[in-house]
Amino acid sequence: MNKKLLSNQSYNVSNAALEGAIEDCLATKNDPNKLEALLHLFRAAQVIVPVSFPKDANQKSIMKLLSGMPLSKDETIPLIPVTVKDSEGNRYAPVFTSRDKIMETKDFPYMVKVTTDQVIRTLENEKAELVGVLINPQTKGFIIRKKAFDIDFYQQPAQPQKQITMVS
């Protein structure tokens with residue numbers, strides 16, 4: 001993502017409470033109470049996600065969207081989620097809690113601000129074959145597995161986080 005484009009106001013996202021909940025979760029090795037609190041914060045957040053666009057998409061409309069300008073009623077652009085894989089081939093939907101967590105890279109050429117409901121819907125789409133969400137993949141990275149959104153944490157304890165190595 002181009003840093004100049006990323007400096008646009010439309011990417012002004014701050015999730016300090018969510019970032020703090022991630023640190024709490026890691027410090028307590030996924031205590032069920034901490035993980036449940038993290039999930040509540042995640043569901044209420046807006047995040048920045050990498051996307052791609054179809055080759056035939058209107059470039060003016062793409063630039064409007066990326067600049068935070070609203071599209072007109074007749075402008076529609078399908079967003080294609082970008083995914084990342086770990087060394088075992090598991091695919092994740094990467095999300096960023098703030099623009100400070102994004103490093104300039106060619107791996108994620110376009111980014112948009114979305115609600116986490118949109119991320120969860122993508123995660124639940126069987127065609128996407130995603131294992132979970134990877135929060136802030138360019139820094140420490142924190143995984144929320146797909147099934148975590150359906151677990152009663154008091155009945156089934158959370159699994160501890162494992163270190164993953166991302167491959168391009």
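Residues numbered from 1 in each chain as written. Predicted model: local features only at pLDDT ≥ 70, side-chain atom pairs only at ≥ 80, totals over all residues. Heavy atoms only, no water.

**A word on the pattern of salt bridges**
- In the structure shown here, the tally under the stated rule is 2 salt bridges.
- Ionic pairing is found between E23 and K140, a salt bridge with its closest N-O pair at 3.2 Å. Highlighted residues: E23 in helix α2 (residues 16-27) and K140 in the loop between β6 (132-135) and β7 (142-145), separated in sequence by 117 residues.
- Notably, a salt bridge pairs K64 with E75, separated by 2.8 Å at the nearest N-O pair. Highlighted residues: K64 in helix α4 (residues 59-66) and E75 in the loop between α4 and β2 (80-81), separated in sequence by 11 residues.
- For K64, a relative accessible area of 23% gives the class partly exposed.
- Since its relative accessible area comes to 18%, E75 is described here as buried. (Salt bridge = Lys/Arg side-chain N within 4 Å of Asp/Glu carboxyl O. Helix = DSSP H or I, 4+ residues; strand = E, 2+ residues; numbered from the N terminus. Buried < 20%, exposed > 50% of the residue type's maximum accessible area, 1.4 Å probe, protein only.)

**A short note on unusual backbone geometry**
- Notably, E129 is not glycine yet its phi reads approximately 50 degrees, a positive angle.
- Position of E129 among the secondary structure elements: in the loop between α5 (116-124) and β6.
- Of note in this structure, N136 is not a glycine but carries a positive phi near 50 degrees.
- Inspection of the secondary structure puts N136 in the loop between β6 and β7.
- We classify N136 as buried; its relative accessible area is 6%.

**Structural notes on α4**
- Of the residues making up α4, those classed as buried are S61, I62 and L66. Seen end-on, α4 carries its buried residues on one side only, within an arc spanning 135 degrees.
- One side-chain oxygen of the residue at the start of α4 lies 2.8 Å from the amide nitrogen of K60, identifying that residue as N58.
- Looking one or two places after α4, you find G68, whose phi comes out positive at around 85 degrees. (Arc of directions from axis to C-beta. Polar contact = N/O pair within 3.5 Å; in protein donor to acceptor, adjacent residues only side chain to side chain.)

**Re the pairing of β6**
- Relative to β6, strand β4 (residues 91-95) runs parallel, the two sharing 4 bridges. Its bridge partner being in β6, V95 is matched across the sheet by I135.
- In terms of strand pairing, β6 meets β7 through 4 bridges, oriented antiparallel. Looking at β7, one finds that V133 is bridged to I144.
- What sits between the antiparallel neighbours β6 and β7 is a turn of 6 residues, in which N136 has the positive phi angle 50 degrees. (Pairing = 2+ DSSP bridges.)

**Describing the environment of S72**
- Structurally, S72 can be placed in the loop between α4 and β2.
- Distance in space between the C-alpha atoms of S72 and S61 is 9.1 Å, their sequence separation being 11 residues.
- A polar contact is formed between the side chain of S72 and the side chain of D74, at a distance of 2.5 Å.

By themselves, these observations are geometric and do not establish any function.
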